[in-house]
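One-letter residues, chain by chain:
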Amino acid sequence: MIKGGDGLALASPVSKVREQAPSNMSTFAQLRSLLGGQRGSVLTLAIGTILMGLSESALLILLAETAATLATRAHHARIHIWVIHVRPSVSTLLLVALAVVFARLLLQVPLALLPPRIASRMQARLRTELFHSFSRASWDVQARDREGQLQETMTGQVAQATSAMYSAMGLITSSLLLAVMLLSAFALNVLAAVFVVVLTVSLFGLLRPLRRTGVQRARALSQAQLQYARGIAESIRVAEETQVFGASAAQRKRMDGFISTARGHLFATQVLLRLASNLYAAVISLLFVGGLFILYELGRGHAASLGAIVLILVRASSSGQNVQAAYQTLLQSMPFVERTQLAEGRYRESVPARGSRSLPEVATLGFDDVGFAYTLGRPVLSDISFEVNGGEVIGVIGPSGAGKSTLVQLLLRLRAPSEGRYLVNGLPAEEFSEDAWHTRVAYVPQEPRLLHASVAENIRFFREIDDEAVQRAGRLARIHEDIVSWPDGYDTIVGPRADAVSGGQQQRICLARALVAQPEVLVLDEPTSALDPTSESLIQESLMGLKQQLTLFIVAHRMSTLDICDRVMIIIDGKLTAFDTIELLQRENSYYRS
């Protein structure tokens, strides 16, 4: 469900399907896209793994030959590998083995560094791209996200995507090690190598149903974690009401349901993961013992070669098990990758077209037959036409659900009209650059939203603004005297779960935030609806001081808020039913009089 600006709960089936639909990309195509510019690092990892595999094979052969030579009390070994036939001394074998050990130690450094480096960079890139896409997305798409959805996607889902990358790198290294071991086994005994290849491929195919079930369970776990995160975010938001209405037990029961669902899916995915790995290990061990009997019969009289083959095949079977485990883990992590990529793509595709025209000043604002609908065929606003001159103070009134908040979002260019045109200085509003627009237009919402930060940082709101301008805005908003009376002044920490400030003080801090950049247009959405008389009086005083300095749009329920207005528009059932001076409306409009 999504919520319109006027409290309309609206279904969004298309968005829901897109968020949950699995990607059409193959697993490895998705991984390539995740790697970004790190393919060089992956190639380095692959080369290092191959060298590690070759050195391990060489070491196993050297150790087997050395042990066999010492057992027979001979002075020279007889090594036969493919077309290579040599007879080195035991001391030579030990020196070469020592050199191989040192080479392996050196290779451990890049092989230990590369996987965390690749995974951490991928994780950071995923989170960066996801949040940047969200911040650039249209307000329409941002408003569709349920509570906790972005947080869970950027934390839990991305963490699982990172696990997928680790599994992918494990799959690469294990597969390469397996390949190197099998090639070494081929060089020693073709029959033994063929035996292991057939065994590995057969078991990989037999375990496919378990992998498929694991992916299904992982996809359900991904969705369950999102529901859990949404439930947490919602519980925090309504904690006060939960206490007041004695709904804590019901809230706990609801969260227990989310936790239980996630637990069940997590349990199933982990069981399937371990079951596949353990079955692979058990079956391959059973068959491996039988294969050794065959190798023993074929290798009588060649103890050293037989020993080397056994060691290599044991290592190959271990690599095969690692391949199976890594692939299973990778597949079960991919639903989290899919969800992350779908979310990022949904945000990215919604980025509105950017205008490039400069905006020297806002002389006029107007709607030309503007209509808007959240859902096709259900208009919230229709046939809205008006023009406002710079410096006017405009009131907006109407019953709840009439479309006032949607009108505000259109005025702020948070949404684009479904029909008609929004004109600024006689030109379509979308032609003006967003940077120019943001420096000219400001907003004070009905519900003040403060950062957990100092008062000064709340007024600046991520903008480069000096202290003098901050204090000037505080004076304009009639909050400066309150702030300087606090022990830390403008450095006082306010916001959620911080030092308590009254609702009126919060609203005036938000008003200072809107005024600090000296805008030309200010939109206020019911700025005094929940304030006490003293706070309302201070806000009214602030607004009166701003009259004729900028264009004001004031959405109001309290008629006293309209006293400073030059004209008032009345919105009923999504239509502009009247737009005139207070005097004329008092005489001629029954809704205004009521």
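Whatever comes next refers back to the structure up there.
Bear in mind that the values here come from a model prediction, so they are computed numbers and not experimental data. (Residues numbered from 1 in each chain as written. Predicted model: local features only at pLDDT ≥ 70, side-chain atom pairs only at ≥ 80, totals over all residues. Heavy atoms only, no water.)

Mind showing me how you'd approach the overall build of the protein chain here?
The helix and strand inventory of the protein chain stands at 20 helices and 16 strands. In the protein chain, the share of contacts with a sequence separation of at least 24, taken over all contacts with a separation of at least 6, comes to 77%. Of the roughly 29,500 Å² of accessible surface on the protein chain, 59% is carried by carbon and sulfur atoms. (Helix = DSSP H or I, 4+ residues; strand = E, 2+ residues; numbered from the N terminus. Contact = heavy atoms within 4.5 Å. Areas by Shrake-Rupley, 256 points an atom, 1.4 Å probe, with all protein chains shown as cover.)

Could you clarify how one ought to interpret the packing of helix H2 (residues 27-35) against helix H6 (residues 149-188) in this entry?
The axes of two packed helices give the description: the angle between them and the distance between them. Here H2 crosses H6 at 110°, and the two axes come no closer than 11 Å. As far as their axial angle goes, H6 and H2 are roughly perpendicular. Note on element contacts: H6 touches H2 through Met165, Ala168 and Leu171, opposite Phe28, Leu31, Leu34 and Leu35. Along the lines of polarity and charge, the residues of the contact of H2 with H6 split into seven nonpolar, no polar and no charged. (Axes fitted to C-alpha atoms, helices over the stretch in contact; angles between N-to-C directions. Parallel < 35°, antiparallel > 145°, perpendicular 65-115°, else oblique. Nonpolar A, V, L, I, M, F, W, Y, C, P; charged D, E, K, R; others polar.)

What am I meant to see in the nonpolar core here?
For soluble globular proteins, nonpolar side chains are generally found buried alongside one another. In terms of nonpolar packing, the biggest core is built from 44 residues, with Ile459 and Leu522 touching the most fellow members. By residue number, the principal contributor to this core is helix H17 (residues 503-515), which donates six residues. What isoleucine 459 contacts, discounting residues up to four positions off in sequence, is Val470, Ala473, Tyr490, Ile509, Ala512, Arg513 and Val516. Counting 37 residues, the second largest nonpolar core, distinct from the first, contains Met52, Ile312, Ala316 and Leu331. (Core = buried A, V, L, I, M, F, W, Y, C linked by side-chain atoms within 4.5 Å. Buried < 20%, exposed > 50% of the residue type's maximum accessible area, 1.4 Å probe, protein only.)

So what exactly am I meant to see when it comes to unusual backbone geometry here?
The phi angle of most residues is negative, glycine excepted, and most peptide bonds adopt the trans form. One non-glycine residue, aspartate 369, adopts positive backbone phi at about 50°. Structurally, aspartate 369 is set in strand S5 (residues 364-375). The class of aspartate 369 is partly exposed, set by a relative accessible area of 44%. Of note in this structure, aspartate 383 is not a glycine but carries a positive phi near 55°. Along the chain, aspartate 383 turns up in strand S6 (residues 378-389).

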